[in-house]
Amino acid sequence: MIDETEKTAHFTLDLEEDTSYTIEQLIDDGQLDRVVFGGRLYELKDEVNPKSKGEYLGFIGQTHYVDQEGKRWTEEELKKPYVYYNPKDIREKQPLTYGSAYRYKRQPEGSFDLIIIELNKKLFQAKMVQGD
């Protein structure tokens, strides 16, 4: 965007990396180590100490269930009773509960490249994925 006056021109670069992905799409693609927050795509890294939490950024508030092979349970599958006859066909329900997001304490104000995401009541470092 360019704002012009008689004496100066100001340039503003919009570096927001909005993604078209949803958390459901990422899970369906087998990318369980990625999450969408604030319209941006993040890759989860290592678990971090709660002391690393900075300013509260927001709440994701989604829970999805995956089986032992990483396949997401659909809403319809979760509503129906699950009956199996062969023990080899057992499909587990492992929750992925996305909670709050925080600024990483060591990051400068206004930077969203590195944040902390709460997943299953554990805190993980999340790095923004550029160009995806």
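This is a predicted model, so every value here is computed, not measured. Throughout this description, residue numbers start from 1 for each chain and increase along the sequence as written. Since the coordinates come from a predicted model, pLDDT governs what is reported: local features require at least 70, and pairs of side-chain atoms require 80 or more to be given and counted, while whole-chain, interface and lining totals use all residues. Side-chain metrics rest on all non-hydrogen atoms present in the structure, leaving aside hydrogens and water.

Description of the overall build of the protein chain
- Helix numbers and strand numbers start at the N terminus; a helix is a DSSP run of H or I with at least 4 residues, a strand a run of E with at least 2. The helix and strand inventory of the protein chain stands at two helices and eight strands.
- In sequence order, the secondary structure elements of the protein chain are arranged as β-β-α-β-β-β-α-β-β-β.
- Across the 132 residues of the protein chain, 33% fall into the buried class.
- When contacts within the protein chain are restricted to residue pairs at least 6 apart in sequence, long-range pairs at least 24 apart make up 55% of them. A 1.4 Å probe rolled over the protein chains alone gives each residue an accessible area, and that area as a share of the maximum for its type sets the label: buried under 20%, exposed over 50%, partly exposed in between. We call two residues contacting when some pair of their heavy atoms lies within 4.5 Å.

Examining the confidence of the model for the protein chain
- When pLDDT is averaged along the protein chain, the result is 85, and 86% of the positions lie at 70 or above.
- The pLDDT value expresses, per residue, how confident the predictor is, ranging between 0 and 100. Here residues 9-15 is a poorly scored stretch, pLDDT under 50, and it has eight contacts once near neighbours within four places are set aside; other chains count.

A word on the side chain of Gln125
- Considering the arrangement of structural elements, one finds Gln125 in strand β8 (residues 122-128).
- In contact with Gln125, not counting residues within four places along its chain, are Glu43, Leu44, Lys45, Asp46, Val48, Tyr104, Leu114 and Ile115.

A closer look at the sheet that holds strand β4 (residues 40-47)
- Reading across the sheet, the six strands line up as β3-β4-β8-β7-β6-β5 and stay open at both edges, with antiparallel pairing between neighbours. Of all the strands in the sheet, the pair left with one neighbour each is β3 (34-37) and β5 (53-66). For this sheet, the mean angle separating the axes of adjacent strands, direction not counted, is 35 degrees.
- The sheet contact formed by strand β7 (residues 114-119) and β8 spans six bridges and is antiparallel. Of the residues in β8, the one forming a bridge with Glu118 is Leu123. In this analysis, strands are considered paired if DSSP registers two or more bridges between them. Axes here refer to lines fitted to C-alpha atoms; in helices the fit is confined to the stretch in contact. Angles between the N-to-C directions go from 0 to 180 degrees.

What to know about the nonpolar core
- Counting 21 residues, the largest nonpolar core has Val35, Tyr98 and Ile117 as the members making the most contacts within it.
- Residue assignment for this core shows that the elements contributing at least two residues are α1 (23-28), β3, β4, β5, β6 (94-104), β7 and β8.
- Discounting chain neighbours no more than four positions away, the residues touching Ile117 are Val35, Phe37, Leu44, Ile60, Ser100, Ala101, Lys122, Leu123, Phe124 and Ala126.
- Throughout this description, the term nonpolar core refers to a set of buried Ala, Val, Leu, Ile, Met, Phe, Trp, Tyr and Cys residues connected via side-chain atoms within 4.5 Å. Counting six residues, the second largest nonpolar core, distinct from the first, contains Val48, Tyr102, Tyr104 and Leu114.

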